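# Observations on the three-dimensional arrangement
This is what each chain is made of:
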Amino acid sequence: MRSNYRGIKEMDLILKSFADRRLAEMSAAELDLYEDLLEENDHDLYQWVSGQGATPARYLDLVTDIASGLTQFSK
């Protein structure tokens, strides 16, 4: 639910797609990190996922995974 209604539409689309694709297979530790990521500001998240800003090391693998699904939006 929190992945679908973020505040900015771009993050709604990006995180909904990621959640649909990956949440069911994530470990408890990965889900905890994702929950922490969801607490971050949407504008910061968008910068990180789109490669326009430096991602904090803590989130780098997760943001890379999220960004890997962005190709579906460019088609």
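Residues numbered from 1 in each chain as written. Predicted model: local features only at pLDDT ≥ 70, side-chain atom pairs only at ≥ 80, totals over all residues. Heavy atoms only, no water.

### Quick notes on the packing of aromatic side chains
One pass over the structure, following the stated rule, counts 2 aromatic pairs. Aromatic pair Phe-18 and Tyr-34: ring centres 5.4 Å apart, planes at 45°, arrangement tilted. Here the residue Phe-18 occupies a position in helix 1 (residues 9-22), and Tyr-34 occupies one in helix 2 (residues 28-38), the gap between them amounting to 16 residues. Each member of the pair Phe-18 and Tyr-34 is classed as buried. When the centroid spacing of 5.9 Å and the interplanar angle of 25° are considered together, the rings of Trp-48 and Tyr-59 count as stacked. Separated by 11 residues along the polypeptide, Trp-48 in helix 3 (residues 42-50) and Tyr-59 in the loop between helix 3 and helix 4 (60-68) bring together distant segments of the chain. (Phe/Tyr/Trp six-rings, centres within 6.5 Å; stacked < 30°, edge-to-face > 60°. Helix = DSSP H or I, 4+ residues; strand = E, 2+ residues; numbered from the N terminus. Buried < 20%, exposed > 50% of the residue type's maximum accessible area, 1.4 Å probe, protein only.)

### Some points on the environment of Gln-52
Assignment of secondary structure puts Gln-52 in the loop between helix 3 and helix 4. Here Gln-52 falls in the exposed class, since its relative accessible area comes to 52%. With sequence-adjacent residues up to four places away left out, Gln-52 is seen in contact with Tyr-46 and Gln-47. Of the polar contacts made by the side chain of Gln-52, one reaches the side chain of Ser-50; its length is 3.2 Å. (Contact = heavy atoms within 4.5 Å. Polar contact = N/O pair within 3.5 Å; in protein donor to acceptor, adjacent residues only side chain to side chain.)

### Structural notes on the packing of helix 1 against helix 3
Where helix 1 meets helix 3, the axes come as close as 10 Å, and the angle between the chain directions of the two elements is 60°. Put simply, helix 1 runs oblique to helix 3. For the pair helix 1 and helix 3, the sense of crossing is left-handed. Across the interface between the two elements, Glu-10, Met-11, Ile-14 and Leu-15 of helix 1 pack against Asp-42, Leu-45, Tyr-46 and Val-49 of helix 3. Of the residues in the contact of helix 1 with helix 3, the class split is 6 nonpolar, no polar and 2 charged. (Axes fitted to C-alpha atoms, helices over the stretch in contact; angles between N-to-C directions. Parallel < 35°, antiparallel > 145°, perpendicular 65-115°, else oblique. Left-handed = near helix turned anticlockwise from the far one by under 90°. Nonpolar A, V, L, I, M, F, W, Y, C, P; charged D, E, K, R; others polar.)

### Remarks on the nonpolar core
Ranked by size, the top nonpolar core spans 17 residues in total, and within it Met-11, Leu-15, Tyr-34, Leu-37, Leu-62 and Ile-66 carry the most contacts. Put simply, the parts of the chain that give this core at least two residues each are helix 1, helix 2, helix 3 and helix 4. With 5 residues, the single largest contributor to this core is helix 1. Ignoring sequence-local partners within four residues, the contact set of Leu-62 consists of Phe-18, Met-26, Leu-33, Tyr-34 and Leu-37. (Core = buried A, V, L, I, M, F, W, Y, C linked by side-chain atoms within 4.5 Å.)

### Concerning the pattern of salt bridges
Pairs may arise between side chains of opposite charge once their charged atoms sit close together. Scanning the entire structure with this criterion turns up 5 salt bridges. Note that Arg-21 is salt-bridged to Asp-65, the shortest N-O span being 3.6 Å. Linking Arg-21 in helix 1 with Asp-65 in helix 4, this pair joins segments that are 44 residues apart in sequence. Classification of Asp-65 as buried rests on a relative accessible area of 19%. (Salt bridge = Lys/Arg side-chain N within 4 Å of Asp/Glu carboxyl O.)

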